[in-house]
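Topology and contacts: notes
Read off the chains here:
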Number of protein chains: 2
Amino acid sequence: MNSDTQPTRSLNVTETLREQLLQGEFAPNTRLQEIALAERMGVSRTPIREALSVLARDGLLEYAPNRGYTVREFSLQDIVSAFRVRAVLEGLGCRLLAEKGVPVDTDTQLQHAIAWGETLLQSSQLQGGDFDQWREMNKSFHLAILLATKNDLLIRFAKISRNIPIVFNGSFRWYSTRDFQRSQDHHQTIYAAMKNGQAERADNMMQEHVMQAAEILQRHYGQ
Amino acid sequence: MNSDTQPTRSLNVTETLREQLLQGEFAPNTRLQEIALAERMGVSRTPIREALSVLARDGLLEYAPNRGYTVREFSLQDIVSAFRVRAVLEGLGCRLLAEKGVPVDTDTQLQHAIAWGETLLQSSQLQGGDFDQWREMNKSFHLAILLATKNDLLIRFAKISRNIPIVFNGSFRWYSTRDFQRSQDHHQTIYAAMKNGQAERADNMMQEHVMQAAEILQRHYGQ
DNA sequence: TGTCACCATTTTGTATACAATTGGCGGCCT
DNA sequence: AGGCCGCCAATTGTATACAAAATGGTGACA
């Protein structure tokens, strides 16, 4: 697996475990016991404990003193709630950028993401069920906006609010061609609004954009 | 001090340290070394490490692998940014409550907080420089709203966004009588808007309320 | 049959020993 | 003098031993 991309074992274990949790490799409410994990990952309990502590603070695990950690269960309600929070956070990001102006390097990144999206819509990849590029394009668009705000707390919270199992990979599985097109339109509108200093519009559009993703997920959740 | 209110040493150390950081007892950029802290608090390095890890994830410390933790420095910009995030989060809380209706027990708590605020405005405590009760009243008002949303992520983020040194105690020190009155008015307006299902109004008002606190702090920041 | 107390086992919490990394000092070479 | 290198002390990272708490099961007793 992706061993040793981080300087310490604690950090490596944390990222590996996070990845596995986000991919849904542990059933909800499963107890994660330190010794079992330690053996499984070939390290001692110490880095495992640190990882569990971090992941609990990120909301992926639940912790009870003296009783250990369990995999948190996310109800549909939980997921929609998280989207709502993410919507206002990313909306704020757009508002801030519209107010203070879009830095040039951010501008470049956003234009690039938009052009990329356009290309993907034209290609047959999305029909073929290959969403990796779209996912990456989407991530770079949203992240570029957040990072440009220079608002630490905002960046931190927005990242955490994305790290939810099921949701994590984007629910692009469920997207119709129409949905992809609308999403691309949103990106363009948001970009234009920010460039024109239309803070309110950029904010609202981003919120709408995020909540539409939530709706698609909600529609298809029960299979 | 407040020893042993928590079931484990790790948790106790975390809360004690957090308290000290929020009270500004450590100068920004100070290195927090594990051994020194361990001796100071009469425990081993293990619980200290866990506490440091948690506090870093809460944004109070900075961490560099193999180099340890330092006290994070908050610029005025950082603080105002945090207020802005908190504003949209608590605004969202009000919106959600206005949409779904205020539960009865929350209603009671809010009414109580408002009545309490009224009493405090009448009393001479605030003139006397005793802000403890006001602080408590204010906290119970804001927390009641958040908890009633049942939105985990929202609650978590809102709490973290409050935990910033200097800001933490509320900057009531700087408040004039007029400021307290305005704050109380805001609470009443927000409450009324939520009760009437005026989501937009409740949201806006709460955002205004939070940002006015930010402005007062900003005015008095450089002493 | 159900309840409770007790003990053994398992699991988490804490201390500590050992390993790895960092940063600084001093000597050495150019 | 300046810069490079290697050693040493200090500090963090990791493993492990030990302590304390929770869990589960057994049997006495009502």
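What this report covers is the structure whose coordinates are included nearby. (Residues numbered from 1 in each chain as written. Chains lettered and ligands numbered in written order. Predicted model: local features only at pLDDT ≥ 70, side-chain atom pairs only at ≥ 80, totals over all residues.)

**Some points on the overall build of chain A**
The criterion, for reference: Helix numbering and strand numbering both begin at the N terminus, where a helix is a DSSP run of H or I of at least 4 residues and a strand a DSSP run of E of at least 2. Restricting the calculation to C-alpha atoms gives the radius of gyration, and the globule rule supplies 2.2 Å times the number of residues raised to the power 0.38. What counts as a contact is two residues whose backbone-derived C-beta atoms lie within 7 Å of each other.
Along the backbone of chain A there are nine helices and three strands. Helices and strands appear in chain A in the N-to-C order α-β-α-α-β-β-α-α-α-α-α-α. In terms of overall dimensions, chain A is globule-like: its C-alpha atoms have a radius of gyration of 19 Å, near the 17 Å expected for 223 residues. Dimensions of chain A, computed from the C-alpha atoms along their principal axes, are close to 55 × 40 × 30 Å. Long-range pairs, those at least 24 residues apart, make up 73% of the contacts in chain A between residues at least 6 apart in sequence.

**Observations regarding the packing of helix α1 (residues 9-22) of chain B against helix α3 (residues 45-57) of chain B**
Residue and element names in this part refer to chain B. Selection criterion: To get an axis, a line is fitted to the C-alpha atoms, and for a helix only the part in contact is used. The angle between two axes follows their N-to-C directions and goes from 0 to 180 degrees. In these notes the angle categories are as follows: under 35 degrees is roughly parallel, over 145 is roughly antiparallel, 65 to 115 is roughly perpendicular, and the rest is oblique. In this scheme the crossing of two helices becomes right-handed for a clockwise turn of the near helix relative to the far one and left-handed for an anticlockwise turn of less than a right angle. Any residue that is not Ala, Val, Leu, Ile, Met, Phe, Trp, Tyr, Cys, Pro, Asp, Glu, Lys or Arg is counted as polar, Gly included; the first ten are nonpolar and the last four charged.
Where α1 contacts α3, the axes come no closer than 8 Å and their chain directions differ by 50°. Classified by the interaxial angle, the pair formed by α1 and α3 is oblique. The crossing of α1 and α3 is right-handed. When α1 is examined against α3, the residues R9, S10, V13, T14, L17, R18 and L21 are found in contact with a partner set consisting of P47, I48, E50, A51, V54 and L55. For the contact of α1 with α3, the per-class residue count stands at eight nonpolar, two polar and three charged.

**With respect to the packing of helix α5 (residues 104-122) of chain A against helix α8 (residues 177-195) of chain A**
All names here are of chain A. Contact geometry of α5 with α8 gives a least axis separation of 10 Å together with a crossing angle of 160°. Taken together, the axis directions place α5 and α8 in an arrangement best described as roughly antiparallel. Regarding α5 and α8, the two cross each other, and that crossing is left-handed. Two secondary-structure elements touch here, α5 through L110, A113, I114, G117, E118 and L121 and α8 through F180, Q181, Q184, H187, Q188 and Y191. Split by residue class, the contact of α5 with α8 holds six nonpolar, five polar and one charged.

**Considering the protein's contact with DNA strand D**
Put simply, the rule is: Near residues are defined by distance alone, with the backbone-placed C-beta atom required to lie within 6 Å of the molecule or strand.
Near DNA strand D, the surroundings consist of 17 residues, among which R9(A), S10(A), S44(A), T46(A) and G68(B) are the closest. Looking at the surface near DNA strand D, the elements with two or more residues in it are α1 (9-22) and α3 (45-57) of chain A together with α2 (34-41) of chain B. Considering only residue class, the surface near DNA strand D consists of four nonpolar, eight polar and five charged.

**Regarding the pairing of strand β3 (residues 68-71) of chain A**
Residue and element names in this part refer to chain A. Counted only if it meets this: A strand pair is defined by DSSP finding two or more bridges across the two strands.
Note: strand β1 (residues 31-32) against β3, two bridges, orientation antiparallel. Within the sheet, the bridge partner assigned to R31 lies in β3 and is T70. Bridge count between strand β2 (residues 61-64) and β3: four bridges; the pairing is antiparallel. From the neighbouring strand, A64 faces β3, where its bridge partner is G68. Counting the residues between successive antiparallel strands, the hairpin from β2 to β3 contains three residues, one of them, N66, with a positive phi of roughly 70°.

**Things to note about the relation of the copies chain A and chain B**
As a reminder of what qualifies: Copy-to-copy superposition: least squares on the C-alpha atoms, limited to residues that have pLDDT of at least 70 in both copies.
For these two chains of identical sequence, chain A goes onto chain B by a turn of 180° and a shift of 0.1 Å along the axis, with RMSD 0.1 Å. Given the turn and translation reported, the copies of this chain are related as if by a two-fold rotation axis. An overlap of 100% is found between the interface residues of chain A and their copies at the interface of chain B, pointing to a shared contact surface.

**Focus: the sheet that holds strand β1 (residues 31-32) of chain B**
Two modes of strand pairing occur in sheets, parallel and antiparallel, and in both the strands are linked by backbone hydrogen bonds. With respect to topology, three strands assemble into an open sheet ordered β1-β3-β2 (chain B), the strand pairing being antiparallel. Across the chains shown, the open sheet's two edge strands, defined by having one partner strand only, are β1 and β2 (61-64) of chain B.

**Some thoughts on the protein's contact with DNA strand C**
The full set close to DNA strand C counts 17 residues, and G68(A), R9(B), S10(B), S44(B) and T46(B) are the nearest of them. Counting residues per element, the ones that place at least two in the surface near DNA strand C are α2 (34-41) of chain A together with α1 and α3 of chain B. With three residues, the top contributor of residues to the surface near DNA strand C is α3(B). Of the residues that constitute the surface near DNA strand C, the class distribution is four nonpolar, eight polar and five charged.

**Quick look at unusual backbone geometry**
A negative phi angle is the norm for most residues apart from glycine, just as the trans form is the norm for most peptide bonds. All names here are of chain A. Definition in use: Counting other C-beta atoms within 10 Å of each residue's C-beta, where C-beta atoms are placed from the backbone, gives the exposure class: buried for 20 or more, exposed for 12 or fewer, partly exposed between.
Although it is not a glycine, N29 adopts a positive phi angle of roughly 70°. Examined against the element boundaries, N29 turns out to sit in the loop between α1 and β1. Accessibility expressed as a C-beta count within 10 Å gives 10 for N29, which makes it exposed.

**Brief notes about the interface of chain A and chain B**
With 24 residues of chain A in contact, the opposing surface of chain B contributes 24 residues. Looking at the side of chain A that touches chain B element by element, the count peaks at seven residues for helix α4 (residues 76-100) of chain A. Partitioned by chemical class, the residues of the side of chain A that touches chain B number eleven nonpolar, seven polar and six charged.

**Some words on the sheet that holds β2(A)**
Residues and elements named next belong to chain A. Spatially, three strands are ordered β1-β3-β2 in an open sheet, and the strand pairing comes out antiparallel. Among the strands making up the open sheet, the edge pair consists of β1 and β2. Along the sheet, α3 makes contact with β1, β2 and β3, crossing β2 at roughly 110°.

**Side note on the environment of R67(B)**
Take R67(B): it is sitting in the loop between β2 and β3 (68-71). Between the alpha carbons of R67(B) and Q33(B) there is a distance of 9.5 Å; along the sequence they are 34 residues apart.

**Re the environment of V167(B)**
All names here are of chain B. Structurally, V167 is set in the loop between α7 (152-162) and α8 (177-195). Among the residues examined, V167 registers 20 C-beta atoms within 10 Å and is labelled buried. C-alpha separation for the pair V167 and L22, spaced 145 residues apart in sequence, amounts to 8.3 Å. Residues in contact with V167, not counting those within four places in the same chain, are I79 and L217.

**Observations regarding the environment of C94(B)**
All names here are of chain B. In this fold, C94 is placed in helix α4 (residues 76-100). On the basis of neighbour counts, which here come to 28 C-beta atoms within 10 Å, the residue C94 falls in the buried class. With 110 residues separating them in the primary sequence, C94 and N204 have C-alpha atoms 9.0 Å apart. Other than its neighbours up to four places away in sequence, C94 contacts I145, I190, M194, A202, D203 and M206.

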